Amino acid sequence: MTKVGIIVGSLRKESVTRKLAENVAELFPSEYETEFIDIGNLPMYNEDIDTEAGAPPEYDEFRSKLDEVEAVLFATPEYNRSMSGAMKNALDVGSRPYGESKWDGKPAMIMSQSPSNLSGFGANHHLRQSLVFLNMHPLQQPEVYIANSFDLIGDDGKINNEGTVEFLQSAVDAFVELVKKFK
Ligand code: FNR
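Fair warning: this is a prediction, and the values are worked out from it, not measured in the lab.

A. Just the overall build of the protein chain, in detail. Regarding its fold elements, the protein chain presents five helices and six strands. Listing the helices and strands of the protein chain from first to last along the sequence gives β-α-β-α-β-α-β-α-β-β-α. Here the C-alpha radius of gyration of the protein chain, 16 Å, is about what a compact globule of 183 residues would show, namely 16 Å. Dimensions of the protein chain, computed from C-alpha atoms along their principal axes, come out at roughly 50 × 35 × 30 Å. In the protein chain, buried positions account for 35% of the 183 residues. A sequence separation of at least 24 residues applies to 78% of the contacts in the protein chain between residues at least 6 apart.

Structure follows, in structure tokens:
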């Protein structure tokens, strides 16, 4: 079994980013297990509370969960042409202590979404830049930008557009091939 962590950059209950990610989680093959890893309870990263003497329990728990996954799917909304502060904070927490980054060497997939036509392009690329710096291996193609996202989720929480599901399946298939290369 290969475990893939899913991190959602929006914290709100009715998050469309989360709903899209829930749909994507179902597209992985049966030998893949997905786990949503919460980031909403992480205190803002502060080196004063992350010391050799100890770290906040939320940091410890988050880092342990990242230890358990071989790959990470990042699902992000766009906040002011970038990723959300919560997502950036999660990247920072997972990257420390220095030299013990939990992201290092892992394959990643980025999916951005927006209710507008622009599909979170800015968030997608800022996230990609950070992941490359963190020595992750982001899936290069296909890039996953979901535009007009609010129209895509039906009352049942499912994506109501066949073409979008087919596209997301092709992205997951490519991601699975990437993950295999790092096994
Ligand atoms: C936004 N939104 C937004 N949308 C966008 O396409 N580009 C942007 O730069 C921003 N900026 C932005 C900043 C802040 C602080 C908020 C709260 C929102 C709108 C955003 O795309 C919308 O709220 C999405 O619905 C967020 O995703 P969830 O919460 O549904 O997952």
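B. Layout of the nonpolar core. The biggest cluster of nonpolar side chains holds 41 residues, and the ones touching the most others in it are Val72, Leu73, Phe74, Ala75, Ala108, Met109 and Met111. Elements represented by at least two residues in this core include exactly strand S1 (2-8), helix H1 (16-25), strand S3 (71-76), helix H3 (85-95), strand S4 (107-113), helix H4 (121-133), strand S6 (144-146) and helix H5 (162-181). When residues in this core are grouped by element, the largest group, six residues, is from H5. Those residues within four positions of Val72 in sequence are excluded, and the remaining contacts are Val4, Gly5, Ile7, Lys106 and Ala108.

C. Here's a closer look at the site of the ligand. The immediate surroundings of the ligand are formed by 15 residues, with Ser10, Ser15, Thr17, Pro77 and Ser114 found nearest. Among the residues making up the shell around the ligand, the classes are represented as five nonpolar, seven polar and three charged.

D. How the structure looks around the UniProt feature "domain: NADPH-dependent FMN reductase-like" (unreviewed entry) in the protein chain. Following the UniProt record, the feature "domain: NADPH-dependent FMN reductase-like" (unreviewed entry) maps to residues 2-149 here. Counting secondary structure, residues 2-149 comes out at 30% helix and 20% strand; the distance between its end C-alpha atoms is 29 Å.

E. Structural view of the pairing of S4. S4 sits mainly inside the fold: seven of its seven residues count as buried. Neither face of S4 is exposed, since Pro107, Met109, Met111 and Gln113 on one face and Ala108, Ile110 and Ser112 on the opposite face are all buried. The pairing of S3 with S4 spans five bridges and is classified as parallel. From the neighbouring strand, Phe74 faces S4, where its bridge partner is Ile110. You can see the chain leave S3, run along H3 and come back into S4, and the turn it takes is right-handed. Where S4 and strand S5 (residues 137-138) come together, two bridges link them in parallel fashion. Along S5, the bridge assignment pairs Ala108 with Pro138. Looking at chain direction, S4 and S6 are connected through three bridges and run parallel. Across the sheet, the residue bridging to Ser112 is Tyr145, located in S6.

F. Highlighting unusual backbone geometry. In the segment running from Arg96 into Pro97, the intervening peptide bond is cis, with an omega of 0°. Secondary-structure assignment places Pro97 in the loop between H3 and S4. Positive phi values are uncommon outside glycine, yet Ser119 reaches one of about 65°. In this structure, Ser119 sits in the loop between S4 and H4. Owing to 21 C-beta atoms within 10 Å, Ser119 belongs among the buried residues under this scheme.

G. Up close: the confidence of the model for the protein chain. For the protein chain, the mean per-residue pLDDT works out to 98, and 100% of the residues sit at or above 70. As scored by the predictor, the complex reaches a pTM of 0.98 and an ipTM of 0.99.

Criteria and cut-off values
- Residues numbered from 1 in each chain as written.
- Predicted model: local features only at pLDDT ≥ 70, side-chain atom pairs only at ≥ 80, totals over all residues.
- Helix = DSSP H or I, 4+ residues; strand = E, 2+ residues; numbered from the N terminus.
- Rg over C-alpha atoms; globule rule 2.2 N^0.38 Å.
- Buried ≥ 20, exposed ≤ 12 C-beta atoms within 10 Å, placed from the backbone.
- Contact = placed C-beta atoms within 7 Å.
- Core = buried A, V, L, I, M, F, W, Y, C linked by C-beta atoms within 7 Å.
- Near = placed C-beta within 6 Å.
- Nonpolar A, V, L, I, M, F, W, Y, C, P; charged D, E, K, R; others polar.
- UniProt positions renumbered as here; feature names shortened; annotations may be inferred.
- Pairing = 2+ DSSP bridges.
- Right-handed = clockwise from strand over helix to strand, strands pointing away.
- pLDDT = per-residue confidence, 0-100.

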